[in-house]
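Chain and residue survey
Single-letter residue listing:
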Amino acid sequence: MTALLAGNAAACVFCRILVGTQRAIRLRGPRQRLNPLPRAVRCLHGLPRRPTRQPVRFFTSLSRPPVQPSLLLPGGPGLQQRRSFWVVRLASRVLKLRYLVLGSAVGGGYTAKKTYDEWKDMIPDVSQYKWVVPDFIRDLNDRIDLESSRETFLKPPESKGSEVNDKQYNKTSDKEKVDQLQEELLRTQMKYQRMVERLEKENKDLKKVVLMKDDKGVPQRKVKSLIEMYSEVLDILSDYDSNYNTQDQLPRVVVVGDQSAGKTSVLEMIAQARIFPRGSGEMMTRAPVKVTLSEGPHHVAMFKDSTREFDLCKEADLAALRHEVEIRMRKSVKEGQTVSPETIALSVRGPGIQRMVLVDLPGVISTVTSGMAADTKEAIFAMSKAYMQNPNAIILCIQDGSVDAERSIVTDLVSQMDPQGKRTIFVLTKVDLAEKNMASPSRIQQIVEGKLFPMKALGYFAVVTGKGNSNESIDTIKDYEEEFFQKSKLLKNGMLKPHQVTTKNLSLAVSDCFWDMVSESVEQQADAFKASRFNLETEWKNNYPRLRELDRNELFEKAKNDILDEVLNLSQVSPKHWEEILQKKLWKRVSTHFLENIYLPAAQTMNSGTFNTMVDIKLKQWTDNQLPHKSVEVAWESLQEEFARFMSEHRGKDQDDIFNKLKEAVREESIKRHQWNEEAEGSLRVIQHNALEDRSISQKAEWDAAIQFMEETLRMRLRYTEEIIRGMVGPNWKERWLRWKSRSSEQCVHNETQRELERLLKLHEDHAAYLATDEVTTVRKNLESRGVDVDPSLIKDTWHQLFRLHFLQRALAHCSLCKRGFYYFQQNFEDTELDCNDVVLFWRIQRMLGITANTLRQQLTNTEVRRLEKNVKEVLEDFAEDSEKKDDLITGRRVQLAEELKKVREIQEKLEAFIEALRQEK
């Protein structure tokens with residue numbers, strides 16, 4: 001086209017010049033001269049001036065222009081005569097066509113030559129790639145005589161006699177020739193196949209070299225491959241559970257089959273490594289295993305949640321990988337179950353591996369055997385259906401070729417999930433055993449052609465996965481498979497086509513189908529998640545407009561910081577506050593023991609010397625056995641209560657109720673792990689013993705404080721005793737009349753007994769603490785005389801409480817007298833009958849409580865609070881690593897919505913990145 005345009009342009013220019021010349025000759029004529037006179041001369045001689053402008057007139061190439069008048073003589077003899085030039089005009093038209101053709105030819109030829117030279121320079125030199133052409137192509141002329149073949153097929157018909165001779169042609173010779181041609185064709189195919197394998201091996205080595213190249217030692221940024229990006233999306237989707245019906249419909253290759261049909265062996269052949277545990281007849285695949293296959297320089301495997309790489313070229317690493325897979329499967333199975341729906345994610349990289357994502361499912365069983373859970377069969381069926389119901393999942397249906405096809409269960413299951421066979425690839429394993437044991441080889445042909453049973457599929461393949469020895473290597477199995485199909489009658493007789501055999505062809509077909517399905521469906525999934533994201537964001541804006549979108553991990557980090565701040569505030573509690581709490585709680589804990597076992601028994605002796613001796617003995621026993629341990633318990637409880645108070649204290653606007661459950665769990669677990677320093681109890685015992693040995697009250701204020709402490713203690717005990725007695729005798733007459741209460745029969749007996757014992761106390765105000773046997777008998781007889789039958793033990797119990805009440809009332813009266821006894825105490829109570837040793841005892845107890853509280857406070861602030869803070873940090877770290885714990889402790893629709901938003905955004909971003917990478921690769 002360029003040459004034609006250039007030629008036309010040249011011809012047009014040439015013709016324009018020619019026509020212009022002819023027009024000039026026609027206008028002037030043979031006798032016409034050009035006017036030599038300028039305009040000024042014409043004006044001087046009175047000649048008419050030539051008009052400056054003339055009207056524009058258009059003429060065609062065949063029209064006659066008007067005759068111009070003479071410039072010298074307007075109307076005289078100088079006028080040019082009119083002549084006819086039609087011959088010249090005809091010649092000019094002919095010449096125009098000639099030059100048009102000539103110009104086009106010249107210009108087109110030049111342009112074509114120039115374009116040819118440019119294209120020739122652009123063609124690379126392919127002389128160095130002659131080795132790519134297989135040798136057998138060059139030998140075709142030597143092996144196949146095309147001339148003889150042409151003569152054979154295009155031979156003209158002969159006479160009738162020759163036709164008779166043709167009918168008598170030797171049929172045996174024809175059969176031999178056909179067999180020879182088939183064998184020759186098979187040998188040629190095998191030679192070509194070996195040539196292709198050699199080239200692929202060289203290509204594999206070259207790729208490995210390229211991938212391992214370090215670019216002169218410059219570290220390169222690790223770029224994820226396309227299949228790794230896709231696998232990450234599937235990993236996120238495996239944990240995604242949405243209420244918006246956005247299901248995971250991304251493609252993956254689902255490997256299903258009957259138990260022991262060879263599923264794992266086919267998968268290992270595709271991955272080019274023996275990576276799965278094997279067993280003799282027992283179920284080994286107990287959980288779905290997602291295997292991401294990709295190409296890389298080294299043949300390695302790695303789990304999703306681990307950084308260890310297993311070198312698949314080393315037998316030790318292979319054994320360790322199989323052991324790890326088996327351990328993970330057994331851990332994923334819950335107690336009482338046989339299979340688990342939890343997916344084990346594994347990635348395998350290596351040279352020449354086809355890129356795809358496969359999921360190996362537990363084999364379908366027909367009968368539940370001993371040792372299996374009762375619902376194992378239904379669980380495997382449900383799991384297989386869950387994976388196969390994905391409309392974009394590629395179903396790799398594995399069937400054992402060594403058993404009857406009628407015994408297969410998986411074919412019916414696959415037919416239900418994919419009745420049209422638009423995403424199913426059928427694989428017949430153990431073809432070597434099938435050919436050896438099957439009486440009718442045509443049955444195999446019917447299977448691979450999809451005619452034996454109604455299941456439809458995209459393609460049918462026949463493979464051999466070894467001789468049944470679990471110790472065989474992948475290379476050994478490949479060699480055996482190739483050798484078998486070279487000698488197999490199934491391939492020689494045309495029952496199997498070359499593209500339907502070997503695991504290599506299977507992996508290529510599955511990979512192509514996988515990527516075709518990915519290209520068709522990934523954008524639809526991206527749009528679906530985009531719509532889901534919009535719905536979730538709308539719900540968040542409507543329900544939580546002023547809150548940040550924090551997922552469970554982010555909320556846990558926020559709660560963690562709050563808890564650590566509260567523990568830090570615990571160390572800032574004032575010493576005065578600690579001492580007040582510890583002193584009150586410690587006295588509340590030990591006051592009952594002190595009064596019941598030390599003070600009251602000693603005070604009832606009514607002898608000052610005996611009182612002091614008895615008190616010292618009992619205090620020594622108390623400090624040696626119970627008091628230090630009780631003190632430590634009180635300190636530990638006080639620390640727990642303060643810690644709980646800080647954890648539950650409302651912080652205003654910053655308080656988030658969603659953390660309450662987590663804080664309570666952290667507090668309980670931290671306290672459970674905390675252990676008090678055992679050495680502190682021994683040192684505390686010495687301090688308490690020394691504090692109780694001191695009896696020197698140096699100031700009147702201390703004496704008054706001791707009396708006040710004594711009065712408060714006695715009044716508290718007195719109120720407690722009155723409550724006990726009121727419970728024994730029932731309501732008094734005011735309560736009975738005003739509140740309509742009544743006494744029970746037992747309370748009536750206690751009331752009569754109390755009245756009888758009060759008479760005894762009035763008669764003997766200085767009575768001892770215990771009743772004598774004759775006194776009990778007397779009281780009993782007096783009560784029986786009034787018709788009250790009473791037990792002696794009830795009399796003693798009532799006397800114990802009544803005497804306690806009487807003694808406490810007297811002790812309170814004695815305290816009032818001792819308020820003025822500090823002077824007598826300084827004089828050692830000489831020249832006076834006043835005895836205030838009980839006040840001294842309470843002063844000793846009060847001082848011991850203060851010293852103990854101060855010691856415990858120091859231990860709390862210096863040691864125990866720090867240890868508790870350390871325990872809290874450890875608990876938080878353990879909770880952070882336990883996802884199930886976080887799921888239980890941080891709950892609610894707000895958390896669930898934030899989690900879904902985060903996952904949907906992450907999925908959408910990764911899908912968009914994957915789609916962009918997929919477009920760039922295309």
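Below, the structure is looked at part by part. (Residues numbered from 1 in each chain as written. Predicted model: local features only at pLDDT ≥ 70, side-chain atom pairs only at ≥ 80, totals over all residues. Heavy atoms only, no water.)

**Side note on the packing of helix α10 (residues 263-271) against helix α18 (residues 503-543)**
Viewed as axis vectors pointing N to C, α10 and α18 meet at an angle of 80 degrees, and their least axial separation amounts to 9 Å. When the axis of α10 is compared with that of α18, the two are roughly perpendicular. Between α10, through Val-266, Met-269 and Ile-270, and α18, the contact on the second element is made entirely by Thr-503, Leu-506 and Ser-507. A per-class count over the contact of α10 with α18 returns four nonpolar, two polar and no charged. (Axes fitted to C-alpha atoms, helices over the stretch in contact; angles between N-to-C directions. Helix = DSSP H or I, 4+ residues; strand = E, 2+ residues; numbered from the N terminus. Parallel < 35°, antiparallel > 145°, perpendicular 65-115°, else oblique. Contact = heavy atoms within 4.5 Å. Nonpolar A, V, L, I, M, F, W, Y, C, P; charged D, E, K, R; others polar.)

**Some words on the sheet that holds strand β4 (residues 310-311)**
The sheet built from nine strands is open, its strands ordered β4-β3-β5-β2-β6-β1-β7-β8-β9 with mixed pairing. Edge positions in the sheet fall to β4 and β9 (459-462), since each of these pairs with one other strand and no more. (Pairing = 2+ DSSP bridges.)

**Concerning the nonpolar core**
Judged by nonpolar contacts, the single largest core of 64 residues is most densely connected at Phe-594, Tyr-599, Trp-622, Trp-703 and Ile-845. By residue number, the principal contributor to this core is helix α29 (residues 792-818), which donates twelve residues. Those residues in contact with Phe-594, other than ones at most four positions away along the chain, are Trp-587, Tyr-599, Trp-622, Leu-841, Phe-842 and Ile-845. Core analysis: the second largest hydrophobic core is formed by 60 residues, Ala-261, Ala-301, Val-427 and Phe-514 among them. (Core = buried A, V, L, I, M, F, W, Y, C linked by side-chain atoms within 4.5 Å. Buried < 20%, exposed > 50% of the residue type's maximum accessible area, 1.4 Å probe, protein only.)

**Quick word on helix α31 (residues 837-881)**
With 45 residues, α31 ought to run about 66 Å at 1.5 Å a step, and its terminal C-alpha atoms sit 62 Å apart, in line with that. Along α31, the largest kink reaches about 45 degrees and is centred on Leu-860. (Expected span 1.5 Å × (residues − 1). Bend = angle between axes of the 7 residues up to and from the residue.)

**Observations concerning the packing of aromatic side chains**
Within this structure, the stated rule accounts for 20 aromatic pairs. Between Phe-709 and Phe-842 the ring centres are 5.9 Å apart and the planes differ by 70 degrees, which places this aromatic pair in the edge-to-face class. Residue Phe-709 is found in helix α25 (residues 700-729), and its partner Phe-842 is found in helix α31; the two are separated by 133 residues along the sequence. Each member of the pair, Phe-709 as well as Phe-842, carries the same accessibility label: buried. Members of the aromatic cluster, connected to one another through ring pairs, are Trp-587, Phe-594, Tyr-599, Trp-622, Phe-709, Phe-807 and Phe-842. A cation over a ring is seen here: Arg-328 above Phe-303, with NZ or CZ 4.1 Å from the ring centre. Taking NZ or CZ as reference, Arg-645 lies 4.7 Å from the ring centre of Phe-646, over its face. (Phe/Tyr/Trp six-rings, centres within 6.5 Å; stacked < 30°, edge-to-face > 60°. Lys NZ or Arg CZ within 6 Å of the ring centre and 35° of its normal.)

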